[in-house]
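# Coordinates in review
Read off the chains here:
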Amino acid sequence: MLERLSFSLGGPLTADRWQVEAVVKDRKVYAGCRCYFEQEEPQEELPKEELPSGRRWLRKLEKLGIQRWRSRFVPEDPARAATQWQLLYKEEGKPQRRITGCGAYPDNWASFIDCLNELPGASIRQENHLESVRFSLYEEVPLKAGGKKIPIREKLALDRRRRVIIYNRHKQELGAERHAYEVPRAIIRLLDMLDRTQHLEDKWPSVRGEEGPQLEVCLTRHDGTETVIRCRYVPAELPENWLEFLTEVQHLMGGIGGRFFRRDTYLSESEVFR
């Protein structure tokens, strides 16, 4: 069980700096929070008040597995290293851990900040990252040049919280297939890869008639904002890192085939009936 926690954060993630402390005494949680400006110094110890739902809050905190976090988080891109944070974390009967980060965060950082924001006076603004994406592709594909066309529907979804990639494919009169892959670290990397595109919600081609493959994109951000885009599926006109994104997704799924990943003009009969 937690004995004490001390957290500090400052930089572009929030307009101001934050200091959060929590201690556990006689199975009761006492917490204090303070937002201050850059030119001010943090306090040695914050005044604290009892958290009415302390036990429930502790259970939520313990599920994050903070003891398994590594000691330091550093970004791959130095340009993102402006936000600094530190966590001092002590559990009963264990030595205190000091965990720091500079523009990089644990996989479940958003859940950690949500947990802190349940404390009185805390309103730490989240980095409004991409929480999930869903792609739905519809296309009528001929078996052979000039032959009968069959409709194919494919769905690809990545979810940061569920930590899964889901891929569904349905071919009219030929059945459906569903694949799910639990790859927590890869999910975060892939969503962040897409999110590196500036103004991602505006980087999709406009619909030009009903000919050709049609794509529906649903982007959901951490604050719950959802954007739905409908456009023609023209890979060359999609966000600049689309090919890199799809290549890695396909690799994680064992090289699976599908219209998302293969841009042949026609499908062979063996592909259609596979």
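Please refer to the structure higher up on the page.
### So, the packing of helix H1 (residues 54-62) against helix H2 (residues 109-116)
Closest axis-to-axis distance for the H1/H2 pair is 10 Å, and the angle between their directions is 165°. Considering their axes alone, H1 and H2 lie roughly antiparallel with respect to each other. Between H1 and H2 lies a crossing whose hand is left-handed. Each of Trp57, Lys60 and Leu61 in H1 lies in contact with H2, whose residues at this interface are Phe112, Cys115 and Leu116. For the contact of H1 with H2, a count of residues per class yields five nonpolar, no polar and one charged.

### Regarding the pattern of salt bridges
Within the structure shown, the criterion is met by 15 salt bridges. Two residues, Lys90 and Glu3, come together in a salt bridge whose shortest N-O distance is 3.4 Å. Of the two residues, Lys90 is situated in strand S6 (residues 84-91) and Glu3 in strand S1 (residues 2-10); the sequence distance between them amounts to 87 residues. For Lys90, a relative accessible area of 13% translates into the label buried. Here Glu3 falls in the partly exposed class, since its relative accessible area comes to 28%. As a salt-bridge pair, Asp114 and Arg161 come within 3.1 Å of each other at their nearest N and O atoms. Of this pair, Asp114 sits in helix H2 while Arg161 sits in the loop between strand S9 (149-159) and strand S10 (164-171); the two residues are 47 residues apart in sequence, bridging distant segments of the chain. A residue is classified by how much of its surface remains accessible, and Arg161, at 45% relative accessible area, is partly exposed. Here the residues in one salt-bridge network are Glu3, Arg4 and Lys90, joined through shared partners.

About the thresholds
- Residues numbered from 1 in each chain as written.
- Predicted model: local features only at pLDDT ≥ 70, side-chain atom pairs only at ≥ 80, totals over all residues.
- Heavy atoms only, no water.
- Axes fitted to C-alpha atoms, helices over the stretch in contact; angles between N-to-C directions.
- Helix = DSSP H or I, 4+ residues; strand = E, 2+ residues; numbered from the N terminus.
- Parallel < 35°, antiparallel > 145°, perpendicular 65-115°, else oblique.
- Left-handed = near helix turned anticlockwise from the far one by under 90°.
- Contact = heavy atoms within 4.5 Å.
- Nonpolar A, V, L, I, M, F, W, Y, C, P; charged D, E, K, R; others polar.
- Salt bridge = Lys/Arg side-chain N within 4 Å of Asp/Glu carboxyl O.
- Buried < 20%, exposed > 50% of the residue type's maximum accessible area, 1.4 Å probe, protein only.

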